[in-house]
Amino acid sequence: MKYDYIFSGVGLAALMVLYEMECCGLFSGKRILLLDPDEKNSNDRTWCFWENRVGDWDWAVSKTWSKGGFQNNEIEIDCFSEDFRYKMIESKTFYERILSELKACPEIEWRKEQVQSFQEVVNEEVEVFTLQSSYKGVILFNSILDLNSLKNDAEYPLLLQHFEGWFIKTKSPFFDRDKAGFMDFSVSQKGNTRFMYVLPISETEALVEYTLFSADVLNEEAYRIEIEQYLAKKGISTYEITRREKGIIPMSAFPFWRNNSKRILNIGSAGGWTKASTGYTFKNAAKFSKRVIAILQKDTVDFRRFYKTNRFTFYDNLFVAVLFARNELGYELFSGMFSKVKPKLVFKFLDEKTTLWEDLVVIWSCPKIPFLKALKNYMLKGL
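This report concerns the structure included in the present document. (Residues numbered from 1 in each chain as written. Predicted model: local features only at pLDDT ≥ 70, side-chain atom pairs only at ≥ 80, totals over all residues. Heavy atoms only, no water.)

**Observations regarding the overall build of the protein**
Next, step 1: Helix and strand content of the protein: 10 helices and 17 strands.
Next, step 2: Whereas a compact globule of 383 residues would reach a radius of gyration of roughly 21 Å, the protein reaches 21 Å, a difference of no more than 12%.
Next, step 3: A burial count over the protein gives 54% of its 383 residues as buried.
Next, step 4: Of the contacts formed within the protein by residues at least 6 apart in sequence, a portion of 75% connects residues at least 24 apart.
Next, step 5: The distance from the centre of the 52 positive side-chain charges to the centre of the 51 negative ones in the protein is 4 Å. (Helix = DSSP H or I, 4+ residues; strand = E, 2+ residues; numbered from the N terminus. Rg over C-alpha atoms; globule rule 2.2 N^0.38 Å. Buried < 20%, exposed > 50% of the residue type's maximum accessible area, 1.4 Å probe, protein only. Contact = heavy atoms within 4.5 Å. Lys, Arg positive; Asp, Glu negative; His and termini not counted. Charge placed at Lys NZ, Arg CZ, Asp CG, Glu CD.)

Dropping the structure here:
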């Protein structure tokens, strides 16, 4: 059997592409194969993003915050408002809604198998290999990232956004349910870029997450100690941990799009859909999934032209290079941006919607000498 579309991995990016395909009627008359050993039936992660009050994904949003924002040892800056909110989606809600619709589609077949390799072959076909079998198709969407290949690439430095989060419940009211701690840099930096998220669910419940941008992950005990110390400093000594989450997100300016071929498109983190300078993925995945649909609706599909670099690609490259070489600069860098530039302009810049002049306003707030050194190296390498 030959499939029209094969999906290697069924995570955020794949489900977004499938959701958009269904909405646009692209399932009709097609055979679609999903390959992933995971059931996707648990709250294995949360996705957060900033947005104006109303958004396309509000049906999946579990909590929004209209107050709160950035904090370090000297300042606290409000970034959000009734018209510009921070939003959180829990994966189980997202999975259940989209998967319930997909499972009702006769065009879709799901095999709980782990993809081992794939290739584009002659006769305009792709071939995908699992431990159990092999499958042929017309188009492959791959969302399985080979992290080791990034680690071994000397040309493009790799930062990791790694974190552990605890959903906690206190006995008495403690949190302002409308106020999010977007980035709290008041924690000890220890030569890295380290901060806390505090996202209240109610007056007695919150997600408290310890996050680092660094080249190496910590041992499990280190995350636990830092979260416990942070909670104690905030006066929270008695609490119940109801759920934990942890993860590693690559932050790299590696040109992932070079791995695309005519009929193979790498999506999600495997395709560079994670923004290198922040590690945020959700809004990028939403943007790129619509671009996928635009290509599928054409008479001729060629994913080699899916992505084009722009000035924000260049900015991300410099950002990762600076923090890779001087990992302790994260405190100064983010503090400079949020204290010297209006927060909405910072977010607009991170969303890649600013004008060139607005770019310069944000960039000028950052430590200048490290960025000039990174720019020099960038030009010498001819990247």
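Back to the text.
**Side note on the layout of surface pockets**
Next, step 1: Taken as a whole, the largest pocket holds about 1,100 Å³ of empty space.
Next, step 2: Lining the largest pocket are 43 residues; nearest its centre among them are R45, W47, I248, I249 and S269.
Next, step 3: Of all elements in the fold, only helix 1 (12-23), strand 3 (46-52), strand 12 (158-170), strand 14 (193-200), strand 15 (205-214), strand 16 (239-252) and helix 5 (282-296) reach the threshold of two or more residues within the lining of the largest pocket.
Next, step 4: With 6 residues, strand 16 is the single largest residue contributor to the lining of the largest pocket.
Next, step 5: Counted as a void, the second largest pocket has a volume near 590 Å³.
Next, step 6: Lining the second largest pocket are 22 residues, and of these W50, E51, K283, D351 and K353 sit closest to its centre. (1 Å grid on protein atoms, 1.4 Å probe; cavity = no way out; pocket = protein on both sides within 12 Å on 5 of 7 lines; lining within 4 Å. Points joined across faces, edges and corners; volume = space filled by probe spheres on them.)

**Remarks on helix 4 (residues 220-233)**
The periodicity of an α-helix, 3.6 residues per turn, causes residues three or four places apart in sequence to face the same way.
Next, step 1: Across its 14 residues, helix 4 extends 21 Å between first and last C-alpha, which sits within 8% of the 20 Å expected from 1.5 Å per residue.
Next, step 2: Among the residues making up helix 4, those that are buried are Y223, E226, I227, Y230 and L231. In a view along the axis of helix 4, the buried residues occupy a sector of 130 degrees, so they form one face of it. Residues of helix 4 that are exposed and point more than 90 degrees away from the buried face comprise A232 and K233.
Next, step 3: Where helix 4 is buried, its residues contact strand 12, strand 13 (179-184), strand 14, strand 15 and strand 16.
Next, step 4: Looking at the residues trailing helix 4, positive phi occurs at G235, about 85 degrees. (Expected span 1.5 Å × (residues − 1). Arc of directions from axis to C-beta.)

**A short note on the sheet that holds strand 3**
Next, step 1: Taken together, 3 strands build an open sheet; the order of strands is 3-7-4 and the sheet is antiparallel. Each edge of the sheet is formed by a strand with only one pairing partner; in this case those strands are strand 3 and strand 4 (61-65). Pairs of neighbouring strands in the sheet enclose a mean axial angle of 25 degrees, with direction left out of account.
Next, step 2: Its contacts with the sheet place helix 2 (residues 91-102) against strand 3 and strand 7 (84-90), and it is angled at close to 70 degrees to strand 7. (Pairing = 2+ DSSP bridges. Axes fitted to C-alpha atoms, helices over the stretch in contact; angles between N-to-C directions.)

**Observations regarding the packing of helix 1 against helix 2**
Next, step 1: Where helix 1 contacts helix 2, the axes come no closer than 10 Å and their chain directions differ by 45 degrees. Judged by the angle between their axes, helix 1 and helix 2 are oblique. Here helix 1 runs over helix 2; the crossing is left-handed. Touching L12, L15, M16, L18, Y19 and E22 of helix 1 are F94, Y95, R97, I98, L99, E101 and L102, all from helix 2.
Next, step 2: Along the lines of polarity and charge, the residues of the contact of helix 1 with helix 2 split into 10 nonpolar, no polar and 3 charged. (Parallel < 35°, antiparallel > 145°, perpendicular 65-115°, else oblique. Left-handed = near helix turned anticlockwise from the far one by under 90°. Nonpolar A, V, L, I, M, F, W, Y, C, P; charged D, E, K, R; others polar.)

**Regarding the nonpolar core**
Next, step 1: Ranked by internal contacts, the top residues of the largest apolar core, which has 47 residues, are W50, Y86, F182, L199, F334 and F338.
Next, step 2: Counting residues per element, this core draws most heavily on helix 6 (residues 311-325), at 7 residues.
Next, step 3: Excluding anything up to four places from it in sequence, W50 contacts F80, F84, R85, Y86, F182, Y280, K283, F347, L350 and D351.
Next, step 4: Counting residues in hydrophobic clusters, the runner-up holds 45 residues, among them Y5, V10, M21 and I293. (Core = buried A, V, L, I, M, F, W, Y, C linked by side-chain atoms within 4.5 Å.)

**Examining the packing of helix 6 against helix 9 (residues 356-363)**
Next, step 1: Where helix 6 meets helix 9, the axes come as close as 12 Å, and the angle between the chain directions of the two elements is 10 degrees. One way to sum up the angle between helix 6 and helix 9 is to call them roughly parallel. Across from R311, F312 and Y315 in helix 6, the residues of helix 9 making contact are L356, D359 and I363.
Next, step 2: When grouped by side-chain class, the residues that make up the contact of helix 6 with helix 9 number 4 nonpolar, no polar and 2 charged.

**Observations concerning the packing of aromatic side chains**
Next, step 1: According to the stated counting rule, one finds 52 aromatic pairs in the structure shown.
Next, step 2: Ring centres of F182 and Y197 lie 6.2 Å apart, and the angle between their planes is 65 degrees; this geometry places the pair in the edge-to-face category. Here F182 is found in strand 13, whereas its partner Y197 is found in strand 14, with 15 residues between them in sequence. Y197 shares its class with F182; the two are buried.
Next, step 3: An angle of 90 degrees between the planes, with centres 5.5 Å apart, marks the rings of F312 and Y315 as edge-to-face. With a gap of 3 residues between them, F312 and Y315 both fall in helix 6, about one helical turn apart. Of the two residues, F312 and Y315, neither departs from the other in class, the shared state being buried.
Next, step 4: When the ring centre of W59 is taken as reference, the NZ or CZ atom of R97 above it lies at 4.3 Å.
Next, step 5: Taking NZ or CZ as reference, R291 lies 5.8 Å from the ring centre of F306, over its face. (Phe/Tyr/Trp six-rings, centres within 6.5 Å; stacked < 30°, edge-to-face > 60°. Lys NZ or Arg CZ within 6 Å of the ring centre and 35° of its normal.)

Nothing here speaks to function; it is all geometry.
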